[in-house]
Amino acid sequence: QVHLVESGGGLVQPGGSLRLSCAASGFTFSSYSMTWYRQPPGKGRELVATITGAGGVTSYADSVKGRFTISRDNAKSTVYLQMNSLKPEDTAVYYCKVFRGYDYWGQGTQVTVSS
């Protein structure tokens, strides 16, 4: 079955960087777009970035454009989110998701940006 496992979250100071990873299994990874979402404390889940199966097309939320980069390694069935110039408002639980007839989500990884 589809299994997504996020990692790489943690506590970072404003202006710092983190790289999140999402390891996927249970499906043909290269055939599917992958998406990162986040859920800030007390708020709803919001889309952060998407990448197509071959990795040729990416899109970003306006709030992260120019600071975050989504990428993937299809040989490793892993999608990444490089986050630079982090701000306190980036604090959230970050999830990866794949739509394969149904939305499959990972368990999430906490990112806290604070001094």
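These numbers were taken from a predicted model, which means no experiment stands behind them.

One pass over the structure, following the stated rule, counts five salt bridges. The salt bridge involving Glu46 is made with Arg38; its shortest N-O contact spans 2.6 Å. Across the pair Asp103 and Lys97 runs a salt bridge whose closest N-O atoms are separated by 3.2 Å. Asp103 gets classed as partly exposed once you look at its relative accessible area, which sits at 31%. Classification of Lys97 as buried rests on a relative accessible area of 10%. Connected through shared salt-bridge partners, Arg38, Glu46, Arg67 and Asp90 make up one network.

Pairing is antiparallel in the open sheet, where four strands are placed in the order 1-3-8-7. Two strands bound the open sheet, and with one partner strand each, they are strand 1 (3–7) and strand 7 (68–73). Recorded for the sheet is a direction-independent mean angle of 15° between the axes of neighbouring strands. Here six bridges tie strand 3 (residues 18–25) to strand 8 (residues 78–83), and the two strands are oriented antiparallel to one another. In the strand pairing of strand 8, Arg19 is matched with Gln82.

Right, let's talk about the environment of Gln107 for a bit. Mapped onto the secondary structure, Gln107 falls in the loop between strand 10 (103–105) and strand 11 (109–113). For the pair formed by Gln107 and Tyr94, sequence separation is 13 residues and the distance between their alpha carbons is 8.8 Å. If we ignore the near neighbours within four places in the chain, the residues touching Gln107 are Leu4, Val5, Glu6 and Tyr95.

The rules behind the values
Residues numbered from 1 in each chain as written. Predicted model: local features only at pLDDT ≥ 70, side-chain atom pairs only at ≥ 80, totals over all residues. Heavy atoms only, no water. Salt bridge = Lys/Arg side-chain N within 4 Å of Asp/Glu carboxyl O. Buried < 20%, exposed > 50% of the residue type's maximum accessible area, 1.4 Å probe, protein only. Pairing = 2+ DSSP bridges. Helix = DSSP H or I, 4+ residues; strand = E, 2+ residues; numbered from the N terminus. Axes fitted to C-alpha atoms, helices over the stretch in contact; angles between N-to-C directions. Contact = heavy atoms within 4.5 Å.

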